[in-house]
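Structural overview for review
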Amino acid sequence: MMTTFTDWDILRNLLLAARWTVLLSLTAFIGGTLVAIPLVMARLSKRVWPHWLIRGYTELFQGTPLLMQLFLAFFGVALLGIDVSPWTAASLALTLYTSAFLVDIWHGSIRALPKGQWEACRCLGLDFGQSLFRVILPQALRIGIAPTVGFAVQVIKGTALASIIGFVELTKAGTILNNVTYEPFKVFGLVALGYFLMCYPLSRYSQYLEKKFNAAHHH
Amino acid sequence: MAQLNFSALWPYWPELLAGLWVTIQLTLMATVGGVALGILGAALRSGRPSILSRLWGVYVELIRNTPFVVQLFFIVFGLPNLGVKLTAGEAALLAMLINLGAYSTEIIRAGIQVTPRGQWEAGRVLGLSRTQTFVQVVLPPSLKRIYPALVSQCIIVMLGSSVVSQVSHEELTFAANLIQSRTFLSFEVYLVTTLMYLALSIAMRQLLLAAGRKWFGEQP
């Protein structure tokens, strides 16, 4: 039986699928944050080997296609004898991908602070933890917030690739709907609009934060 | 845990190398064209506000806030509806060009913005036209300043090109998918391919940064 798809059907299906895009983005971002925090801490240590290990980690995830990472997560976990769903594979790959970028952004924000800040803490008799949480992090947050929000846009766009390993989110719903309606402009136009509505406010917010916090730095 | 079998992939190395070569060609063309598009866009966006510069701004925001794969599908499935027939390779290149054009517009514009206003004025006082001032006075130091960011963006476009395998363009990822379907050695194939991309991105960065030092002199 051939069913006809009204514009409302297309829109409704895309909206339903967009929820999964949002959920996957949130999962990746929260998971990425949880993985990134200990890595940033490890990079602050004075030992050499964590630096090299984490440099390798970030280079690996930043220097290879996200699509390959998704494939490796999908087939790699299956290799361990665990039945892996597209959702699990996509969450795993996007979490690691996100963490590799967040480590760089946050470590960079901390390193951007003058060395004198650490030395001043030492002089005041603060230990490492006190220096980090009372003095360094509050300042580093102001530097790191704009690029972090900007990177959230990359994560949302990155979730579109989960469609390729068969996870039905906004892009996959678009390809399915295009196959039944043969209206690529309408369908992919709406898909693009969906992403735009999620990403553009974040982009603008990131630019706003950049201006707000940078005004204090540049004279 | 299953045993990994890399030796069974050995007969397929010509396919992987052929795929890699297509990826390199695509990247080369997209980089040259995309950066040219970016310079044009940055010039437009830095000049007097006009309808064209506004439209270019809309183009930049549309591209930067939607996924590359959706842009690709829009071109591949949409354009034939308008009667424009493109091969998979042409569509892939077009999508990459449009994508990099938008990003490099913003990157280059940022470099132009921090170039002191006096540079423009000096060029004009010396009797250069607006275009001459832009090309000969303002553009070179601006490009030098943002060159590392531009290199990173070109590498992101190269990595993003793995997606064009989805519209049957026979580049590196397409070759990997093909070998995967023949051998069922999924993890091994994708691991090897991933390492090839990693090597390519490292080589590309070193090469472009070395070229930058040659063109612009040592980075400050």
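Residues numbered from 1 in each chain as written. Chains lettered and ligands numbered in written order. Predicted model: local features only at pLDDT ≥ 70, side-chain atom pairs only at ≥ 80, totals over all residues. Heavy atoms only, no water.

1. Brief notes about a positive patch on the surface
Among the surface-exposed residues, B:Arg48, B:Arg117, B:Arg124 and B:Arg130 lie close enough to one another that they form a single positively charged patch. Within the secondary structure, B:Arg130 sits in helix α6 (residues 130–160). (Patch = residues over 30% accessible without salt bridge, like charges linked within 9 Å, V, L, I, M, F, W, Y side chains within 5 Å. Areas by Shrake-Rupley, 256 points an atom, 1.4 Å probe, with all protein chains shown as cover. Salt bridge = Lys/Arg side-chain N within 4 Å of Asp/Glu carboxyl O. Lys, Arg positive; Asp, Glu negative; His and termini not counted. Charge placed at Lys NZ, Arg CZ, Asp CG, Glu CD. Helix = DSSP H or I, 4+ residues; strand = E, 2+ residues; numbered from the N terminus.)

2. Here we look at the confidence of the model for chain A
On average, chain A scores 92 in pLDDT, and the residues at 70 or more come to 96%. No element of chain A has a lower mean pLDDT than helix α5 (residues 115–123) of chain A, which averages 88, and none a higher one than helix α4 (residues 86–111) of chain A, which averages 96. (pLDDT = per-residue confidence, 0-100.)

3. Overview of the side chain of A:Ser25
Residue and element names in this part refer to chain A. Positionally, Ser25 belongs in helix α1 (residues 7–44). Among the residues examined, Ser25 registers a relative accessible area of 10% and is labelled buried. If we ignore the near neighbours within four places in the chain, the residues touching Ser25 are Val155, Ile156 and Thr159. (Buried < 20%, exposed > 50% of the residue type's maximum accessible area, 1.4 Å probe, protein only. Contact = heavy atoms within 4.5 Å.)

4. Details of the interface of chain B and chain A
Where the parts come together, the accessible area they lose is often given as the size of the interface. Contact with chain B, which involves 37 residues of that partner, is made by 36 residues of chain A. The three residues of chain B that bury the most area against chain A are B:Asn65, B:Phe74 and B:Phe187, which together make up 19% of that side's buried surface. Summed over the shared surface of chain B and chain A, the number is zero salt bridges. The set of elements that each furnish at least two residues to the side of chain B that touches chain A consists of α2 (51–64), α3 (68–78), α7 (172–183) and α8 (186–216) of chain B. Top contributing element to the side of chain B that touches chain A by residue count: α8(B), with 10 residues. Class assignment of the residues belonging to the side of chain B that touches chain A gives a composition of 21 nonpolar, 14 polar and two charged. (Buried area = accessible area lost by both parts, 1.4 Å probe. Nonpolar A, V, L, I, M, F, W, Y, C, P; charged D, E, K, R; others polar.)

5. As for the packing of α1(A) against helix α6 (residues 128–158) of chain A
All names here are of chain A. For the pair α1 and α6, the least separation of the axes is 12 Å and the interaxial angle reads 145 degrees. Considering how the two elements wind past one another, α1 and α6 form a crossing that is right-handed. Contacts between α1 and α6 involve Thr21, Ser25, Ala28, Phe29, Met41 and Leu44 from the former and Phe128, Leu132, Phe133, Thr148, Phe151, Ala152, Val155 and Ile156 from the latter. For the contact of α1 with α6, the residue count by class is 11 nonpolar, three polar and no charged. (Axes fitted to C-alpha atoms, helices over the stretch in contact; angles between N-to-C directions. Left-handed = near helix turned anticlockwise from the far one by under 90°.)

6. Comments concerning the side chain of B:Thr173
One can find B:Thr173 in helix α7. For B:Thr173, the residues in contact, after removing those within four places along its chain, are A:Leu67, A:Met68, A:Phe71, B:Ser162, B:Ser165 and B:Tyr197.

7. A short note on a nonpolar patch on the surface
Residues and elements named next belong to chain A. Where nonpolar side chains cluster on the molecular surface, the patch consists of Val22, Leu26, Ile30 and Leu34 and spans about 380 Å² of accessible area. Along the polypeptide, Val22 turns up in helix α1. Residue classification places Val22 among the partly exposed residues on the basis of a relative accessible area of 40%.

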